[in-house]
Amino acid sequence: MNKFWKNGDPFVWLTGVALMFSLLMIAGLLWLIMAKGLGFFWPAGVTEFELQNDTKIMGEITAHEQIRGISGKSDTVEDKFRTQLKIGNRDLFGLDFRWIDDDQIVSQSEPKYAVVMERREWGNFYGFIKEITKNGAVICQGNEECWPKLEEDILVYANIYKQIRKIGKSEIGGINREIENYRLKIRGIELKGGNPEQIKQIEAKIADEENKYKEKEKELSVLYEEFTKEKVVMLSVDGREKEMALGNIVLAFRPNAMNWFQKASLYAHRVWGFVSDEPREANTEGGVFPAIFGTIMMVLIMSIVVLPFGVLAALYLREYAKQGTLVRIVRICVNNLAGVPSIVFGVFAVGFFIYGIGASIDSFFFSEALPNPTFGTGGILWASLTLALLTVPVVIVATEEGLAAVSQEIRHGSLALGATKFETTWKIVIPSAMPAILTGLILAIARATGEVAPLMITGVVKLAPQLPVDGYFPYVHLERKFMHLGFHIYDVGFQSPNVEAAKPMVFTTALLLILIVIALNLTAIVIRNRLKKKYTTSAV
Amino acid sequence: MATENVEQIMENEIENMAEERKAPVQKFEVPDPVVEVNDLNLYYDTKQALKNVYMDIPKNKATAFIGPSGCGKSTLLRCFNRLNDLVDAARVEGEVLIDGDDIYDPSVDITELRRRVGMVFQKSNPFPKSIYENVAYGARISGENRTSVLDEIVEKSLKGAALWDEVRDRLKESALGMSGGQMQRLCIARAIAVEPEVLLMDEPCSALDPIATGKIEDLIAQLKENYTIVIVTHNMQQASRVSDYTVFMYLGEIIEYNSTETIFLNPTNKQTEDYVSGKFG
């Protein structure tokens, strides 16, 4: 027995099993998220149930489970099943989801003409087409006749919707911004006690802008009229009628009449919509593009800040500081900083960056906008800086290790050729340590992308009206609040008014976040490996 | 225990001898000296590593430093390009003249000095760059950026280090992909690329196989036509093969300095004779 332990085989097994468990857990996590997340966009079939109380119910089957309950027939407690349906039609039924006991079901069918509509308001609609009207006149009737017309016209109205968005958001938004800028200028002049002549000139410009605004408003009202011209009258499964403007429909499809190929192309379309659209309905529907954009931009700003900062600090610690007790203490502190809970950094950032630096910036440069804060409130810059602070120990530690691994011989070789210490550090030591530095950056990115807690108090919001980058000077608006995938998951999953409908979104967003972390890391890893190849070919 | 005693006795003996010699310093006369060392003492904190070193190193000859480990050969060598400055605890007294200029004068530009005194290390230390960039490094940091000039320097130096034919087709490849002997010759090429007057070699062959060693030794024979070479070696045969003059050091002192022939065939000092004949060391 003793021999059995001594030869080490059990230990090999133990280590192997430990590794296997870790891998299984990771695989399980990914599998769960992928299974739940990827299926969301697949157009599920619509099923119609006839129940015992002579009512009809129709929707997508979303769950099927076993419960213990009192059976309807024999009044005894026994196992039975129930089914969850997404019935949509929130405007008619009040609830999107309904549980039905399986023993209540009389019959079930999959009606070929059942239409699923994604709407800009009220969530999905499940039902049948009764007729389409234009300017009040019926232009077609019935499922068969109206379907091609519906499909075609939805695209037309989607275009109009785009125009409305463009005018409403960017053009009128731009005019508003100009007016606001002029107002601030006037206020600035007034604060300085400037001359009324200047103010008058600016007021004239404001009047110009206001005229432009009125023109745009007119354009907009024309479009709105156009937008509501054509309406579709739908029949819900229980026979109620619902009239809605075609412009309010994002997407309509008949899942029961689609073949596999059509479903696949719709799937791709919806996935694309998810990553490229803005959210609708309190984030429970639509896309997550602003959150993707915010996450990536934040990580990039963080990288730009943390890399030079961490590398310089590590260079001083390793190359210039006299190695002694003080440096050792600093090093321990830096290492411990990496273990400080992230929310603590968030609290620090609120106090130091936002109320300290931000408020000072406001009072020096944006005093005319006060009391409305510009930098004195959460924004993408402060969030990025918070994360930079959070991850700087990681970069310092990795860089220091990289610098320590650069051999003394190489440094001496450079010095012996007449290079100064600075030239040696810059041309020999840093390039040699570059792979280690980038490893540090990879770890920093991985940590930063997944961080949510400190962001919630430094600038992340549920819904940001504008991206931090747009077409108006100065193009990059670092003071703006932004959306973030990690926070989006939390918001959709736990703060949503419609938790059941948002559940699949949680998984898809989580999947997306994982993919973005992987993509950012892969980029850094590819760069690192290229550098490694450049600097170290296999040498004996 | 026994060896310690022997060393102790020897040390005492040498101290006595040094005492005796102290009054009239008799430098070994060499023709056309480039480096002159006068009363050089070097301390690491309180420990004295070099004691009263007086020596001249002749121009365009190879001078070998031999002696047991820890006798101060490398320390003395590193005094010539002030690489000892990197050791915080090191303190130097006395003077080292190169072409008559005291290199320990505070007004001396160390980087300029190191360009005049090249060095090849025990362990080959190519930079993690391409072969070309390794050789061009010295010229680049002196501010030379013209490609044509750099090309010329690289070719000339690689030819000078007998490496050109082996690497001419892969100048842009990493220097770390070369064999050990090639790397060491690359380091020699890198050192001669800045055209130093003196080339210091600190046990340049100790990590190489006999064939690579042979190549480097041939190279040293060629190089001494243009450069003054000072080589530290543990290998007595190597010293006798490549050098014109040999210095035997022990415990931080020069015991004997003479032409290589005399040191190996007819040493005047008993310790030198014991060392070169392999009786101790």
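Rules behind the numbers
- Residues numbered from 1 in each chain as written.
- Chains lettered and ligands numbered in written order.
- Predicted model: local features only at pLDDT ≥ 70, side-chain atom pairs only at ≥ 80, totals over all residues.
- Heavy atoms only, no water.
- Helix = DSSP H or I, 4+ residues; strand = E, 2+ residues; numbered from the N terminus.
- Rg over C-alpha atoms; globule rule 2.2 N^0.38 Å.
- Buried < 20%, exposed > 50% of the residue type's maximum accessible area, 1.4 Å probe, protein only.
- Contact = heavy atoms within 4.5 Å.
- Areas by Shrake-Rupley, 256 points an atom, 1.4 Å probe, with all protein chains shown as cover.
- Lys, Arg positive; Asp, Glu negative; His and termini not counted.
- Charge placed at Lys NZ, Arg CZ, Asp CG, Glu CD.
- Pairing = 2+ DSSP bridges.
- Axes fitted to C-alpha atoms, helices over the stretch in contact; angles between N-to-C directions.
- Buried area = accessible area lost by both parts, 1.4 Å probe.
- Salt bridge = Lys/Arg side-chain N within 4 Å of Asp/Glu carboxyl O.
- Disulfide = S-S within 2.5 Å.
- pLDDT = per-residue confidence, 0-100.
- Polar contact = N/O pair within 3.5 Å; in protein donor to acceptor, adjacent residues only side chain to side chain.
- Expected span 1.5 Å × (residues − 1).
- Bend = angle between axes of the 7 residues up to and from the residue.

**Section: the overall build of chain B**
Inference 1: Scanning chain B for helices and strands turns up 11 helices and 10 strands.
Inference 2: Its C-alpha atoms give chain B a radius of gyration of 19 Å, near enough to 19 Å, the size a compact globule of 281 residues would have.
Inference 3: Projected onto its principal axes, the C-alpha coordinates of chain B cover approximately 60 × 45 × 35 Å.
Inference 4: When the 281 residues of chain B are sorted by exposure, 53% land in the buried category.
Inference 5: Intrachain contacts of chain B at a sequence separation of at least 6 include 68% that bridge at least 24 residues.
Inference 6: A total accessible area of about 12,800 Å² is found for chain B, and carbon and sulfur atoms account for 46% of it.
Inference 7: Charged side chains of chain B number 30 positive and 46 negative; the gap between the two group centres comes to 6 Å.

**So, the sheet that holds strand β9 (residues 245–250) of chain B**
Residues and elements named next belong to chain B.
Inference 1: Sheet architecture is open: 6 strands sit in the order β6-β7-β8-β3-β9-β10, paired in mixed fashion. Each edge of the open sheet is held by one strand with a lone partner, namely β6 (117–120) and β10 (253–259). Strand-to-strand twist of the sheet, defined as the mean angle between neighbouring strand axes without regard to direction, takes the value 20°.
Inference 2: Here 4 bridges tie β6 to strand β7 (residues 198–202), and the two strands are oriented parallel to one another. Bridge pairing in β7 places Val117 opposite Val198.

**Examining the interface of chain B and chain A**
Inference 1: In this complex, chain B contributes 26 residues to the contact, which on the side of chain A involves 23 residues.
Inference 2: Buried surface at the junction of chain B and chain A, summed over both partners, amounts to about 2,100 Å²; 64% is from carbon and sulfur atoms.
Inference 3: Ranking the residues of chain B by area buried against chain A places Pro128, Tyr137 and Ile141 of chain B at the top, with a combined share of 26%.
Inference 4: Run the count over chain B and chain A and you get 1 salt bridge.
Inference 5: Of the charged contacts in the structure, one is a salt bridge between Lys123 of chain B and Glu409 of chain A, with a shortest N-O distance of 3.9 Å.

**A few points about the state of the cysteines**
Inference 1: Following the criterion strictly, the structure yields 1 disulfide over all chains and no others.
Inference 2: With no disulfide partner, Cys187 of chain B has as its closest neighbouring cysteine sulfur the one in Cys205 of chain B, 12 Å distant.

**Some words on the confidence of the model for chain B**
Inference 1: Scored by pLDDT, chain B has a mean of 85; 90% of the residues are at 70 or more.
Inference 2: Per-element averaging of pLDDT across chain B places helix α1 (residues 2–22) of chain B at the bottom with 59 and strand β8 (residues 228–232) of chain B at the top with 92.

**Digging into unusual backbone geometry**
Inference 1: The phi dihedral of Asp39 of chain B falls on the positive side, at around 50°, and the residue is not glycine.
Inference 2: Looking at the secondary structure, you find Asp39 of chain B in strand β1 (residues 33–44).

**Examining the side chain of Asn125 of chain B**
Inference 1: Residue position: Asn125 of chain B is located in the loop between β6 and α4 (131–141).
Inference 2: Judged by its relative accessible area of 2%, Asn125 of chain B falls in the buried class.
Inference 3: For Asn125 of chain B, the side chain forms a polar contact with the main-chain oxygen of Glu409 of chain A, separated by 2.7 Å.
Inference 4: Those residues within four positions of Asn125 of chain B in sequence are excluded, and the remaining contacts are Glu409, Ile410 and Gly413 of chain A together with Cys187 and Arg190 of chain B.

**A short note on helix α10 (residues 380–404) of chain A**
Since the α-helix packs 3.6 residues into each turn, any two residues three or four apart lie on the same face.
Inference 1: With 25 residues, α10 of chain A should cover 36 Å at 1.5 Å per step; its first-to-last C-alpha distance of 35 Å lies within 8% of that length.
Inference 2: At Thr391 of chain A, α10 of chain A shows its largest bend, some 40°, and a proline, Pro393 of chain A, comes one to four positions later.

**Description of the sheet that holds strand β2 (residues 47–58) of chain B**
Residues and elements named next belong to chain B.
Inference 1: Strand order in the open sheet formed by 4 strands is β2-β1-β4-β5, and the pairing between neighbours is antiparallel. In this open sheet, the two edge strands, each paired with only one partner strand, are β2 and β5 (101–102).
Inference 2: With 8 bridges joining them, β1 and β2 adopt antiparallel strand pairing. Considered in β2, the bridge of Tyr44 is made with Lys47.

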